[in-house]
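Observations on the three-dimensional arrangement
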Amino acid sequence: MTLLVKDVMAAGPAAVRPDASLAEVARLMREQRTDDVLVAHGDALLGVVSARDIGVAEGVDPQGVSVDSVCGADPVTVRADDPAGEAYRLMREHDVRRLPVVDDGKPVGIVGLGDLTGGGDDGRAAEESEGDTPEV
């Protein structure tokens, strides 16, 4: 049986509008206990902002700087019905640890490397879903 992204993703990802301040995003990250927040306008995914993005913006007024000025635009995405192995492949190819999950272009979740590997970084769960390694 092929493991799908929707089987391992976190549904209902934290999201902000593009004009949200860095302070708002940092507060949301603390409340949601996450390092990544999606940037969306309506149902359209515009980008992803990470704790690292906020750290890079050090020295700026977090109330006066909007998230769209620091977020990564044109994020690599995966669909909920894609095999988990495809998410793992995309993460490796684009050197990212998390991917927004979309359905019909609308953000519905986020999947992280740990979700695919059972907490480790060896990719075993993702590879098993592709049939590259024997089931245990």
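Structural data are supplied above this passage.
Residues numbered from 1 in each chain as written. Predicted model: local features only at pLDDT ≥ 70, side-chain atom pairs only at ≥ 80, totals over all residues. Heavy atoms only, no water.

Once that is clear, we can look at the sheet that holds strand 2 (residues 15–16). With respect to topology, four strands assemble into an open sheet ordered 2-3-4-5, the strand pairing being mixed. Since the sheet does not close on itself, it has two edges, and those belong to strand 2 and strand 5 (72–73), each with one partner. Sheet strands touched by helix 2 (residues 22–32): strand 2, strand 3 (36–41) and strand 4 (44–50). Its angle to strand 3, the strand with the most contacts, is close to 130 degrees. (Pairing = 2+ DSSP bridges. Helix = DSSP H or I, 4+ residues; strand = E, 2+ residues; numbered from the N terminus. Contact = heavy atoms within 4.5 Å. Axes fitted to C-alpha atoms, helices over the stretch in contact; angles between N-to-C directions.)

This part takes up the pairing of strand 3. When you tally the buried positions in strand 3, you get five out of six residues, the bulk of the element. As judged from the two bridges shared by strand 2 and strand 3, these two strands associate in the parallel manner. Residue pairing for strand 3: Val16 is matched across the bridge by Val39. In the sheet, strand 3 pairs with strand 4 via six bridges, with the strands oriented antiparallel. Looking at strand 4, one finds that Asp36 is bridged to Ser50. A loop of two residues connects strand 3 with strand 4, the two strands running antiparallel in sequence, and Gly42 in this loop sits at a positive phi of about 65 degrees. (Buried < 20%, exposed > 50% of the residue type's maximum accessible area, 1.4 Å probe, protein only.)

Let's shift gears to the sheet that holds strand 7 (residues 98–103). What links the strands of a sheet is backbone hydrogen bonding, and the strands pair in either a parallel or an antiparallel sense. Taken in spatial order, the four strands line up as 1-8-7-6 in an open sheet, and their pairing is mixed. Lying at the two open borders of the sheet, with one neighbouring strand each, are strand 1 (10–11) and strand 6 (78–79). Judged from the two bridges that link them, strand 6 and strand 7 form a sheet pairing that is parallel. Looking at strand 7, one finds that Val78 is bridged to Val101.

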